[in-house]
Structure formats: C-alpha cells, structure tokens
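Descriptive analysis of the structure
Each chain, written out:
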Amino acid sequence: MMFHAFESQAAAAEVLARRVAADLAAVIGRRGHAVLAVSGGRSPVPFLQALSAEVLDWSRVSVTLVDERVVAPGHADSNAALVRDHLLQGGAADATFLPLVSTAANVDAELAQAAAQWQTPDVVVLGMGDDGHTASLFPDAANLAAGLDPANPAALLAVVPPVAPHTRISMTLAEILRSGKLYLAIAGDNKRRVLEQASRTLSAAQPVSHLLQQTENPLHVYWAA
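A brief look at the structure comes next. Predicted, not measured: the structure shown is a model, and the values here were computed from it.

Time to look at the overall build of the protein chain. A tally of regular secondary structure across the protein chain gives eight helices and ten strands. Taken against the 2.2 N^0.38 rule, which gives 17 Å for 225 residues, the C-alpha radius of gyration of the protein chain at 16 Å falls within 12% of a compact globule. Referenced to the eigenvectors of the C-alpha coordinate spread, the extents of the protein chain come out at roughly 40 × 40 × 35 Å. When each of the 225 residues of the protein chain is scored for burial, the buried share is 51%. Across the protein chain, contacts joining residues at least 24 apart in sequence account for 71% of those joining residues at least 6 apart.

Let us look at the nonpolar core. Counting residues in hydrophobic clusters, the biggest one holds 74 residues, and the most contacted among them are Val20, Leu36, Phe47, Leu51, Val63, Leu156 and Leu184. Among the elements that make up this core, the one with the highest residue count is helix H1 (residues 9-31) (nine residues).

We now examine the sheet that holds strand S6 (residues 123-126). Reading across the sheet, the seven strands line up as S1-S10-S9-S6-S2-S3-S5 and stay open at both edges, with parallel pairing between neighbours. The sheet is open, and its two edges are formed by strand S1 (2-6) and strand S5 (96-98), each paired on a single side. The sheet shows a mean angle of 20 degrees between the axes of neighbouring strands, direction not considered. In terms of strand pairing, strand S2 (residues 34-38) meets strand S3 (residues 61-65) through five bridges, oriented parallel. Residue valine 35 lies in a different strand from S3, and its bridge partner there is serine 62. Most of the contacts of helix H3 (residues 79-86) go to S3, to which it runs at about 140 degrees, and overall it touches S2, S3 and S5.

Locating aspartate 67 in the fold gives a position in strand S4 (residues 67-69). No salt bridge forms around the buried aspartate 67; measuring N to O, its nearest opposite-charge neighbour arginine 168 is 4.5 Å away. Side chain to side chain, aspartate 67 and serine 136 meet in a polar contact 2.6 Å long. Excluding its chain neighbours within four sequence positions, the residues that come into contact with aspartate 67 are Gly40, Asn79, Leu100, Ala135, Ser136, Arg168, Ile169 and Ser170.

Pairing within the open sheet is antiparallel, and its three strands lie in the order S4-S8-S7. Edge positions in the open sheet fall to S4 and strand S7 (156-159), since each of these has one partner strand only. Neighbouring strand axes in the sheet, compared pairwise and without regard to direction, differ in orientation by 20 degrees on average. With three bridges joining them, S4 and strand S8 (residues 168-171) adopt antiparallel strand pairing. Its bridge partner lying in S8, aspartate 67 is registered against serine 170. Across the face of the sheet, helix H4 (residues 107-117) comes into contact with S7 and S8 while running at roughly 160 degrees to S7.

Calculation rules
- Position labels on residues start from 1 in each chain and follow its written sequence.
- With pLDDT at 70 or above as the cut-off, local features in this predicted model cover only qualifying residues; side-chain atom pairs require 80 or more to be listed or tallied, and sums for whole chains, interfaces and linings still use all residues.
- To obtain the side-chain values, all non-hydrogen atoms of the structure were used and water was disregarded.
- Helical segments are the DSSP runs of H or I of at least four residues, strand segments are the runs of E of at least two, and each set is numbered from the N terminus.
- For the radius of gyration, the atom set is restricted to C-alpha positions; the globular benchmark scales as 2.2 Å times the number of residues to the power 0.38.
- For each residue, the accessible area found with a 1.4 Å probe, counting protein chains only, is set against the maximum for its type, and the residue is called buried under 20%, exposed over 50%, and partly exposed in between.
- Note on contacts: a residue pair qualifies if any of its non-hydrogen atoms lie within 4.5 Å across the two residues.
- Only buried residues count toward a nonpolar core, which is a set of Ala, Val, Leu, Ile, Met, Phe, Trp, Tyr and Cys residues joined through side-chain atoms within 4.5 Å.
- Pairs of strands are assigned from DSSP output, requiring at least two bridges between the strands.
- Only the contacting stretch of a helix is used when fitting its axis, a line to C-alpha atoms as for every element, and angles between N-to-C directions run 0 to 180 degrees.
- By the counting rule applied here, Lys and Arg register as positive and Asp and Glu as negative, while His and the ends of each chain are not counted.
- By definition here, a salt bridge exists when the distance from a side-chain nitrogen of Lys or Arg to a carboxyl oxygen of Asp or Glu is within 4 Å.
- Polar contact is defined as a pair of N or O atoms within 3.5 Å, subject to the rule that within protein one atom must be able to donate a hydrogen and the other to accept it, and that residues adjacent in sequence are counted only when both atoms are side-chain atoms.

Given below as structure tokens:
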C-alpha cells in the first residue's frame, strides 16, 4: 500500500484526477483504448468533476462502475446517474459508458448482462465505508466469501447488503486484483482509523483488509483530511 495524504478533498481530487488521466493516456498510447471503473456515492463527486475536466482522448475510453445498486437508471441512488451527471460532461461525454444495470427488473438478468459486456479495467478507483466495505463487499453479506476469494474466476457478483439498502452488483476482489492500477480514495479521520486497523488485521469483518494486505497489485491510497 502506498499512502498519500492531502489537506483537503479538493486537493486530493485534483491530484488523483491528473494521475488517473495520465494512466488512461498511457494505456491508450499502448493499446488504443482504456477502461476505467469508478465508484459511486457522494464522496467521489469532486474527483469525478476534476477528472471530467482533464484533457484526454475520451473517445478511446470506456467507463464502468466498481459496483451499482440494482435500481432504475434515474433513481436517486443510482451510481450510473452520478457518473452521467458529474463525469460524462464536456469532453468526457465522448467516453463510452458501460453501466452495470439497465432496467433493474431482474437481478440475475442484470448480472448476466453486465458480465457479458464486462471488460477488465485498466484503472480502478475504489471507495471505502466506515464499516470497512469496499466496492459492495459488505461485512456479513451472505456471499462475501465468494466476493473475497482471490481465485474467483467471476468478475462480478450480486450482493445483498445486511444493512444498506438495495441489492448490488459488484466487482469481486479477484477481478479488482486482475485489473490495472488500483486507487482507494477516502477522507476524514474516522476512515483513516478504519484503514489503519484494516491494514493490520485481515478480517472478513473489514473486507477492505483483503485489498490492503495483498501484494499482487499495489494499492495507492489517497486520503484527505
């Protein structure tokens, strides 16, 4: 784990946006096309807005989600709506968007469709909850063991969080580790304490610990006070 500290969320968002844009440009230069997976929620908004302003050949970028609530695309809790509103604007509107949920009518059908169009990301930007979840790998979820299995061949799985609303579709830990550059963006003293504890103790009670303590794919943590 590589830890980067910033005095404000705005400063962290600006630096992370520049780093991610540079990573995507490098992949485009090598392969002609890059895939980015981003997280939802309120915390990523400054980063998404900063990334949207980066000069990049967005027509050669596909954007998808680390996880998504199985809700209609216009729902207030939709991560896809967040990405459309805050990232896919201006020049970044030229990117191809690959949402994980289309109609939310049937979870199994949505998972199958998302898996069929899935492309392993070149860059993944994760978040973390106060309970130590990352992506939608929640403590005490019924299929958490599959989600955290580093040998799981599946890229995605459906998750029913024990306490949070809505069934989710989430990247598995194995797929996160198979991806390219990995970033974790968090803010505040409480999340830093969770991060530090999870860095010391490997536990399903804090799923992010399985990401922090692996050595297969280095994790870059961007923390803002």
